[in-house]
Amino acid sequence: MAMRFPLTDLLDEQESYNFLLKTLHPDGMKCKQGHALPPDQKPHDRRRDPIFDYRCRICGNVFNLFTDTVWQGSQYDCRKIVLIVRGGLKRPSTLHLADELEVDYGTLLERRHRLPKLALAHKPDTALTDEETEADEMFQNAGKGHQTC
Ligand SMILES: [Zn+2]
């Protein structure tokens, strides 16, 4: 068995949220109808901080970071999702990842099977900026030396 890292304890939840926001919504968060979230809008529900729910001012739909993404309905926190996405690209075993993140194996397996298609669908058409490349490399390097069994 590979060494078990306390990975979620080593990441910041707010930084993970910011990363997912840029990754999942490069043009900004929108409701299911496609109405953009105004920058000054206050959250509708703050119970899952920092994953706030917002109520669209135009159509009234409630939405959040995960609405209309593969993560919709997930109860995972942002740190776990960042690590799952990283793991989904680096391919440590699902059993190992589920153990390390302390999440259900079957649920994680089902979500991971949906990731490659999603990654292709969201592949950028343009080159990354230096800042994005650094962040990308940081996530790629974060798992170096990690046993992938
Ligand atoms: Zn709307």
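Our structure is the block above this text.
Since this is a predicted model, take the numbers as computed values, not measurements. One numbering rule holds for all chains: residues counted from 1, following each sequence as written. Local features in this predicted model are restricted to residues of pLDDT 70 or higher, and side-chain atom pairs are both shown and tallied only at a pLDDT of 80 or more, whereas totals for entire chains, interfaces and linings draw on every residue. Derived side-chain values reflect all non-hydrogen atoms in the structure, with water molecules and hydrogen atoms excluded from consideration.

A short note on the overall build of the protein chain
Thought 1: Along its length, the protein chain carries six helices and two strands.
Thought 2: Along the protein chain, helices (α) and strands (β) appear in the sequence α-α-β-β-α-α-α-α when read from the amino end.
Thought 3: When burial is assessed residue by residue, the protein chain has 36% of its 149 residues classed as buried.
Thought 4: Throughout, a contact is declared for two residues whenever any of their heavy atoms are within 4.5 Å. A sequence separation of at least 24 residues applies to 60% of the contacts in the protein chain between residues at least 6 apart.
Thought 5: Per-residue accessibility takes into account occlusion by the displayed protein chains alone, with areas from the Shrake-Rupley method and a 1.4 Å probe. If you sum the accessible surface of the protein chain, you get close to 9,600 Å²; carbon and sulfur atoms cover 52% of it. Segments assigned H or I by DSSP are reported as helices when at least four residues long, segments assigned E as strands when at least two residues long, and all are numbered from the N terminus. The rule is simple: take the accessible area with a 1.4 Å probe, protein chains only, and divide by the maximum for that residue type; under 20% is buried, over 50% is exposed, in between is partly exposed.

A closer look at the coordination of the zinc ion
Thought 1: Note: metal donors comprise N, O and S atoms at 2.8 Å or less from the metal (3.2 Å for Na, K and Ca); water molecules are not included, so apparent gaps in a site are possible. Surrounding the zinc ion are the protein donor atoms Cys31 (SG), His35 (ND1), Cys56 (SG) and Cys59 (SG), which sit 2.1 to 2.3 Å from the metal.
Thought 2: The rule is simple: four donors are tetrahedral if all their angles sit between 85 and 135 degrees, four are square planar and six octahedral if opposite donors span more than 155 degrees and the others lie between 65 and 115, and anything that fits none of that is irregular. Every donor counted, the four donor atoms about the zinc ion form angles of 103 to 118° at the centre, which fits tetrahedral coordination.
Thought 3: Given the relative accessible area of 22%, His35 is considered partly exposed.
Thought 4: Given the relative accessible area of 33%, Cys59 is considered partly exposed.

Topic: the pattern of salt bridges
Thought 1: Put simply, a salt bridge is a Lys or Arg side-chain nitrogen that is within 4 Å of an Asp or Glu carboxyl oxygen. On inspection of all chains with the given rule, the structure shows six salt bridges.
Thought 2: Among the charged side chains, a salt-bridge network with shared partners connects Glu13, Asp77 and Arg79.

A look at the nonpolar core
If you look at soluble globular proteins, the nonpolar side chains tend to sit buried side by side.
Thought 1: Counting 27 residues, the largest nonpolar core has Leu20, Phe66, Trp71 and Ile84 as the members making the most contacts within it.
Thought 2: Mapped by element, the contributors of at least two residues to this core are helix H2 (13-24), helix H3 (78-90), helix H4 (94-101) and helix H5 (105-121).
Thought 3: Top element by residues in this core is H3. It accounts for five residues.
Thought 4: Sequence-distant contacts of Ile84, defined by excluding residues within four places in its chain, comprise Trp71, Tyr76, Leu97, Leu101, Leu108, Arg112 and Leu115. We define a nonpolar core as any set of buried Ala, Val, Leu, Ile, Met, Phe, Trp, Tyr and Cys residues linked to one another through side-chain atoms lying within 4.5 Å.

So, the packing of aromatic side chains
For any pair of aromatic rings, the description rests on two quantities: the centre-to-centre distance and the angle between the ring planes.
Thought 1: Each aromatic pair joins two rings of Phe, Tyr and Trp (for Trp, the six-membered one) with centres within 6.5 Å, and gets the label stacked for planes under 30 degrees apart, edge-to-face for over 60, and tilted for any other angle. In the structure shown here, the tally under the stated rule is two aromatic pairs.
Thought 2: Look at Tyr54 and Phe63: their rings are 6.2 Å apart centre to centre, the planes differ by 40°, and that puts the pair in the tilted class. For the residue pair Tyr54 and Phe63, the accessibility class agrees, reading buried in each case.
Thought 3: Relative to Tyr76, the ring of Trp71 lies with its centre 6.5 Å away and its plane at 50°, an arrangement referred to as tilted.

Quick notes on the environment of Thr69
Thought 1: Its place among the elements puts Thr69 in the loop between strand E2 (62-63) and H3.
Thought 2: Taking relative accessible area as the criterion, Thr69 reaches 16% and is therefore assigned buried.
Thought 3: Distance from Thr69 to Leu118, taken between C-alpha atoms, is 8.9 Å for residues 49 residues apart in sequence.
Thought 4: The residues touching Thr69, leaving out its near neighbours within four places in the chain, are Leu24 and His25.
Thought 5: Think of a polar contact as two N or O atoms within 3.5 Å of one another; within protein, one of them needs to be a possible hydrogen donor and the other a possible acceptor, and neighboring residues in sequence only count if both atoms come from side chains. Polar side-chain contacts of Thr69 include one of 2.8 Å to the backbone oxygen of Phe66.

It is worth stressing that arrangement in space is one thing and function is another; only the former is reported here.
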